[in-house]
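One-letter residues, chain by chain:
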Amino acid sequence: MKHLRALLLPFSFLYGLIVIVRNFLYDAGLFKSRRFDLPVISVGNLEVGGAGKSPMTEYLIQLLKDHYKLATLSRGYGRATKGFQIATATATASQVGDEPAQFKHKFPDVTVAVCEQRVDGITQLQHDHDLILLDDAYQHRAVKPGLSILLFDYNSLNNQRWVLPAGNYREPFFGKWRAGIIIITKCPADMPQQELEKLSPRLPRNPISKCFLQA
């Protein structure tokens, strides 16, 4: 495995460079990033794989659904359909993707939508809702959310932080600076909050962001 990763490193350098240039163009305003008038919360991570994005989105739905007319918006990975779709009570994974179907079955009164282009999806949802939750959208720079929540798996904090394809990162580690909240998920249940003081130096972030632990 180590030899294979070494062979893939040149491709990782190229991929990482492309991502860095792309993010720079968004930050410089050369690529358009749209901000909406209603609150938009983005949930995502830097690594490929599960850091608990779906459980976090479900937690936010449970927390906010009684106070806001909210909608969740996902890309809808794995679905056989295309374009903007609103999940029905009988929606299947092939229609809207695994996670959106799960959201709709757990929260039938909440609007669950999918769209490859999140700007288009929010545009269609904004007039009937007053809060949008974007699932797995940290790298979707075409939308400028009001709050970005970035998740890290506690068990992978000490792993090599190489980008794809040699590693598991979708973008370089310093991409974390865009987050307003960083949550370290899957922490040991008996780990005290003081442990955050030891973890925080591994996750240097922008001055206004906050970092939390989650069992």
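Higher on the page you've got the structure.
Chains are numbered independently. Their residues run from 1 in the order of the written sequence. Reporting of local features is limited, given that this is a predicted model, to residues whose pLDDT is at least 70; pairs of side-chain atoms are given and counted only at 80 or more, and all residues count toward the totals for whole chains, interfaces and linings. Here the side-chain values reflect all heavy atoms present in the structure, with hydrogen atoms and water set aside.

## Overview of the overall build of the chain
Turning to step 1, where the next piece is worked out: Strands are runs of DSSP state E lasting at least two residues, helices are runs of H or I lasting at least four, and both sets are numbered from the N terminus onward. On a plain count of helices and strands, the chain comes out with six helices and eight strands.
Turning to step 2, where the next piece is worked out: Reading the helices (α) and strands (β) of the chain from amino to carboxyl end gives α-β-α-β-β-α-α-β-α-β-β-β-α-β.
Turning to step 3, where the next piece is worked out: Across its three principal directions, the C-alpha atoms of the chain cover 45 × 40 × 35 Å.
Turning to step 4, where the next piece is worked out: Burial here depends on accessible area, computed with a 1.4 Å probe over protein chains only, as a share of the maximum for the residue type. Under 20% is buried, over 50% is exposed, and the range in between is partly exposed. Looking at the chain residue by residue over its 215 residues, the buried ones come to 48%.
Turning to step 5, where the next piece is worked out: Computed by Shrake-Rupley with a 1.4 Å probe, the accessible areas treat only the displayed protein chains as cover when residues are assessed. Total accessible area computed for the chain in this model is approximately 11,600 Å², and 58% of it derives from carbon and sulfur atoms.

## A look at the pattern of salt bridges
Pairs can form between side chains of opposite charge once their charged atoms are near each other.
Turning to step 1, where the next piece is worked out: Think of a salt bridge as a Lys or Arg side-chain nitrogen and an Asp or Glu carboxyl oxygen that are within 4 Å of each other. Going through the model one piece at a time under the given rule, you end up with seven salt bridges.
Turning to step 2, where the next piece is worked out: The partner of Arg-170 in a salt bridge is Asp-136, with the nearest N and O atoms 2.8 Å apart. One end of the pair, Arg-170, is in the loop between strand 6 (147-153) and strand 7 (181-185); the other, Asp-136, is in the loop between strand 5 (131-135) and strand 6, and 34 residues separate them in sequence.
Turning to step 3, where the next piece is worked out: Asp-136 gets classed as buried once you look at its relative accessible area, which sits at 12%.
Turning to step 4, where the next piece is worked out: Taking the shortest distance from any N to any O, the salt bridge between Asp-153 and Lys-186 comes out at 3.7 Å. With Asp-153 in strand 6 and Lys-186 in the loop between strand 7 and helix 6 (195-199), this residue pair connects regions lying 33 residues apart in the sequence.
Turning to step 5, where the next piece is worked out: A relative accessible area of 13% means that Asp-153 is categorised as buried.

## A short note on helix 2 (residues 53-64)
Turning to step 1, where the next piece is worked out: The span expected for a helix works out to 1.5 Å for each residue beyond the first. Under the 1.5 Å per step criterion, the end-to-end length of helix 2 is 16 Å for twelve residues, consistent within 8% with the ideal 16 Å.
Turning to step 2, where the next piece is worked out: Turning to helix 2, its buried residues number three or more, namely Lys-53, Ser-54, Met-56, Thr-57, Glu-58, Leu-60, Ile-61 and Leu-64.
Turning to step 3, where the next piece is worked out: For helix 2, the secondary structure elements touched by its buried residues are strand 1 (40-45), strand 2 (70-74), helix 4 (98-106), strand 5, strand 6 and strand 7. Should any heavy atoms of two residues lie within 4.5 Å, those residues are counted as being in contact.

## A closer look at helix 5 (residues 118-125)
Turning to step 1, where the next piece is worked out: Every buried residue belonging to helix 5 is among Arg-118, Val-119, Gly-121, Ile-122 and Leu-125, and all of these are buried. Around the axis of helix 5, the buried residues are gathered within 160° of arc, so they sit on the same side.
Turning to step 2, where the next piece is worked out: Buried positions along helix 5 lie against strand 1, strand 2, strand 4 (111-114) and strand 5. Along the arc lie the directions from the helix axis toward the C-beta atoms.

## Points about the nonpolar core
Turning to step 1, where the next piece is worked out: Grouped together as the largest cluster of nonpolar side chains are 22 residues, with contacts concentrated most on Ile-41, Leu-60, Ile-61, Leu-70, Leu-133 and Leu-151.
Turning to step 2, where the next piece is worked out: Only strand 1, helix 2, helix 4, strand 4, strand 5 and strand 6 provide two or more residues apiece to this core.
Turning to step 3, where the next piece is worked out: Tallying contributions element by element places helix 2 first for this core, with four residues.
Turning to step 4, where the next piece is worked out: Dropping the residues within four chain positions of it, Leu-151 is found in contact with Val-43, Gly-44, Asn-45, Leu-46, Ala-51, Gly-52, Lys-53, Met-56, Ile-183 and Thr-185. The nonpolar core is taken to be a set of buried Ala, Val, Leu, Ile, Met, Phe, Trp, Tyr and Cys residues, with the residues joined through side-chain atoms within 4.5 Å.

## Structural notes on the sheet that holds strand 7
Turning to step 1, where the next piece is worked out: A pair of strands is labelled paired if DSSP reports no fewer than 2 bridges between them. An order of 3-4-2-5-1-6-7-8 is seen for the eight strands of this open sheet, with the pairing classed as mixed. At either end of the open sheet lies a strand with only one pairing partner, and these are strand 3 (85-86) and strand 8 (210-213).
Turning to step 2, where the next piece is worked out: Strand direction decides the pairing type here: strand 3 and strand 4, joined by two bridges, are antiparallel. Along strand 4, the bridge assignment pairs Ile-86 with Ala-113.
Turning to step 3, where the next piece is worked out: What counts as an axis is a line fitted to C-alpha atoms, over the stretch in contact for a helix, and the angles between N-to-C directions run from 0 to 180 degrees. Against the sheet, helix 5 touches strand 1, strand 2, strand 4 and strand 5, its axis set at about 160° to strand 2.

## A look at a nonpolar patch on the surface
Turning to step 1, where the next piece is worked out: A surface patch of nonpolar side chains, about 310 Å² in accessible area, is lined by Ile-20, Phe-174 and Trp-177.
Turning to step 2, where the next piece is worked out: As for its position among the elements, Phe-174 is in the loop between strand 6 and strand 7. By definition, no residue in a patch forms a salt bridge, and every one has over 30% relative accessible area; like charges are joined within 9 Å, nonpolar side chains (Val, Leu, Ile, Met, Phe, Trp, Tyr) within 5 Å.

## Focus: the packing of aromatic side chains
Turning to step 1, where the next piece is worked out: Only centres within 6.5 Å qualify two rings of Phe, Tyr or Trp (six-membered ring in Trp) as a pair; their planes then separate them into stacked at under 30 degrees, edge-to-face at over 60, and tilted for everything else. Following the criterion strictly, the structure yields three aromatic pairs and no others.
Turning to step 2, where the next piece is worked out: Relative to Phe-31, the ring of Tyr-26 lies with its centre 5.4 Å away and its plane at 80°, an arrangement referred to as edge-to-face.
Turning to step 3, where the next piece is worked out: A relative accessible area of 14% means that Tyr-26 is categorised as buried.
Turning to step 4, where the next piece is worked out: Using a relative accessible area of 36% as the deciding quantity, one classes Phe-31 as partly exposed.
Turning to step 5, where the next piece is worked out: Ring centres 5.7 Å apart and planes at 65° place the aromatic pair Phe-152 and Phe-173 in the edge-to-face group. On the criterion of sequence distance, the pair formed by Phe-152 in strand 6 and Phe-173 in the loop between strand 6 and strand 7 is long-range, its members being 21 residues apart. Residue Phe-152 shares its accessibility class with Phe-173, and that shared class is buried.
Turning to step 6, where the next piece is worked out: Members of the aromatic cluster, each reached through a chain of ring pairs, are Phe-152, Tyr-169 and Phe-173.

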